Amino acid sequence: MILIDGKKAAAELREKLKHEVTQLKAKYNKVPGLTVILIGDLTPSQIYVRNKEKSANEVGLKSEVIKYPDEVEEKTVLEKIEELNKDETVSGILVQLPLPKHIDKQKVIETILPSKDVDGFHPMNVGNLSSGYESSVPCTPLGCYLLIKKVEHNLNGKKAVIVGRSNLNGKPMTQLLLKENCTVTITHSKTKDLKAECLEADIIVAAVGIPELVKGDWVKKGTIVIDVGINKTDKGIVGDVDFNEVSKNAKALTPVPGGVGPMTIACLLKNTIECFKRSQI
Ligand code: NAD
């Protein structure tokens, strides 16, 4: 079984991006800039943002974090986004989710210019992705896609089963694999026989949030299994896939932690650089 090493893949991607930033700096005499807005003091969000800033600095991006307290008014945040939209030194804007209840998430997402939307959540990017046009792609599914391609370059005709239909993971994952000519089935909480669906798959991507949902006997021999889940349990952090059991049948499998997680941040940096490059044309 191939253990898909997301840490190593992310380090390789960051190295490549660092090189690209050096070349862009030589060509344009400026570097891509990423601005993250962090609202409130949720510990996981603070950790994510710290890691994003550290990785951005490591590849040579200009990075900035703007912090607001929990009770900040929605208007203040929207005005800041408008200001960043106009700022030529800012290539990418990310507002760390989740947001406090009094702030309308969709309004925030739609205020970010699609060309600076490094999370790929703006309806324009969602539409472009599903129409097969150039767009920012949400970072986690993009990371999953790059990991799958490392194991198998030609995905033509493969049967992919996506478990979970969130806008963040399942839906964009479907679009990415459709573009690669996979036959994609998207499953969710109302799917009648999830095991039977998974048993058909050459590729499974699990993004559900239920610890070890995908069992060993749900996976036929030779399947590539990507585990997006991050679940806190008494045993520590586990994914949505029963790692020990599934590793007996899978051709390749991502561990949790150390699989998809590290690729998510590396893909955020990649998206920032892509936004910068598109803005220079
Ligand atoms: P979500 O809650 O938005 O969506 C979960 C999806 O799972 C829904 O579409 C739902 O229909 C489906 N679902 C629920 N119960 C199901 C069941 N019994 N069978 C089949 N489908 C079922 O979750 P999300 O934001 O997509 O996150 C999913 C998981 O991925 C979480 O554990 C989250 O922490 C993790 N995550 C990891 C990363 C990363 O970087 N590795 C990034 C984002 C999310």
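Residues numbered from 1 in each chain as written. Predicted model: local features only at pLDDT ≥ 70, side-chain atom pairs only at ≥ 80, totals over all residues. Heavy atoms only, no water.

Peer 1: Would you explain the nonpolar core in this entry?
Peer 2: In a soluble, globular protein the nonpolar side chains are often hidden away together inside. Core analysis: the largest hydrophobic core is formed by 48 residues, its most contacted members being Ile148, Met173, Leu177, Ile203, Val205 and Ile226. The biggest single contributor to this core is helix α10 (residues 260-279), with 9 residues. Two domains each provide a minimum of three residues to this core, namely domain 1 (29-112) and domain 2 (139-261). Not counting residues up to four positions away in its chain, the partners in contact with Met173 are Pro141, Cys144, Tyr145, Ile148, Ile162 and Val205. (Core = buried A, V, L, I, M, F, W, Y, C linked by side-chain atoms within 4.5 Å. Buried < 20%, exposed > 50% of the residue type's maximum accessible area, 1.4 Å probe, protein only. Helix = DSSP H or I, 4+ residues; strand = E, 2+ residues; numbered from the N terminus. Domains from an automatic or database assignment. Contact = heavy atoms within 4.5 Å.)

Peer 1: What is the right way to look at the domain arrangement of the protein in this model?
Peer 2: Where interface size is quoted, it is often the accessible area lost as the parts come together. For the protein, the domain assignment lists domain 1 (29-112) and domain 2 (139-261). Just the C-alpha atoms count here: the centres of domain 1 and domain 2 sit 29 Å apart.

Peer 1: In this structure, what is going on with the site of the ligand? I would like to understand it.
Peer 2: In the region of the ligand, 22 residues are neighbours, and Arg165, Ser166, Asn169, Val228 and Thr264 sit closest. For the ligand, an oxygen atom lies 3.3 Å from a polar atom in the backbone of Ser189. With respect to the ligand, the backbone of Ile230 contributes an N or O atom lying 3.1 Å from an oxygen atom. When the ligand is considered free in solution it has 860 Å² of accessible area, and contact with the protein chains removes 71% of it. (Near = heavy atom within 4 Å. Polar contact = N/O pair within 3.5 Å; in protein donor to acceptor, adjacent residues only side chain to side chain. Areas by Shrake-Rupley, 256 points an atom, 1.4 Å probe, with all protein chains shown as cover.)

Peer 1: Whenever I open this one, the packing of aromatic side chains confuses me. Can you help?
Peer 2: Describing an aromatic ring pair means giving the distance of the ring centres and the angle of the ring planes. Counted according to the given criterion, the structure contains 1 aromatic pair. Measuring from centroid to centroid gives 5.7 Å for Tyr28 and Phe276, while their planes differ by 80°, and the two rings are edge-to-face. Placement of the pair is Tyr28 in helix α1 (residues 6-28) and Phe276 in helix α10, with a sequence separation of 248 residues. On the basis of relative accessibility, which here comes to 27%, the residue Tyr28 falls in the partly exposed class. (Phe/Tyr/Trp six-rings, centres within 6.5 Å; stacked < 30°, edge-to-face > 60°.)

Peer 1: Mind showing me how you'd approach the pairing of strand β6 (residues 183-187) here?
Peer 2: Within a regular strand, side chains alternate between the sheet's two faces. Sheet analysis places strand β5 (residues 159-163) next to β6, joined by 5 bridges and oriented parallel. Note that in β6 the partner of Val161 across the bridge is Thr185. Between β5 and its parallel partner β6, the chain crosses via helix α7 (residues 170-179), and the hand of that crossover is right-handed. (Pairing = 2+ DSSP bridges. Right-handed = clockwise from strand over helix to strand, strands pointing away.)

Peer 1: Help me understand the layout of surface pockets, please; the structure alone is not making it clear to me.
Peer 2: Rolled over the atoms, a probe as big as a water molecule pinpoints where empty space is left. Approximately 430 Å³ is the volume found for the second largest pocket. Taken together, 22 residues form the lining of the second largest pocket, with Leu142, Tyr145, Leu146, Lys270 and Glu274 sitting closest to its centre. Among the elements that take part in the lining of the second largest pocket, α10 stands out by supplying 5 residues, more than any other. Classifying every residue of the lining of the second largest pocket gives 10 nonpolar, 3 polar and 9 charged. (1 Å grid on protein atoms, 1.4 Å probe; cavity = no way out; pocket = protein on both sides within 12 Å on 5 of 7 lines; lining within 4 Å. Points joined across faces, edges and corners; volume = space filled by probe spheres on them. Nonpolar A, V, L, I, M, F, W, Y, C, P; charged D, E, K, R; others polar.)

Peer 1: Can you help me understand the pattern of salt bridges in this one?
Peer 2: When the charged atoms of two side chains lie near each other, side chains of opposite charge can form a pair. For the structure on display, the rule yields 16 salt bridges. Close ionic contact of Lys107 with Glu74 constitutes a salt bridge, the shortest N to O distance being 2.9 Å. Placement of the pair is Lys107 in helix α4 (residues 105-111) and Glu74 in helix α3 (residues 74-86), with a sequence separation of 33 residues. Note on Lys107: relative accessible area 41%, which makes it partly exposed. Several salt bridges converge on common partners, so that one network encompasses Glu20, Lys270, Glu274 and Lys277. (Salt bridge = Lys/Arg side-chain N within 4 Å of Asp/Glu carboxyl O.)

Peer 1: Even after reading the chapter, I still don't get empty space enclosed by the protein, so can you show me in this structure?
Peer 2: Across all of its chains, the model carries 1 cavity of 30 Å³ or more by this definition. Quantified by volume, the largest cavity comes out at close to 60 Å³. In terms of lining residues, the largest cavity is bounded by Ile93, Leu94, Val95, Leu97, Val108, Ile109, Ile112, Asp117, Asp119 and Phe121. Of all the secondary-structure elements, those providing two or more residues to the lining of the largest cavity are β4 (92-95) and α4.

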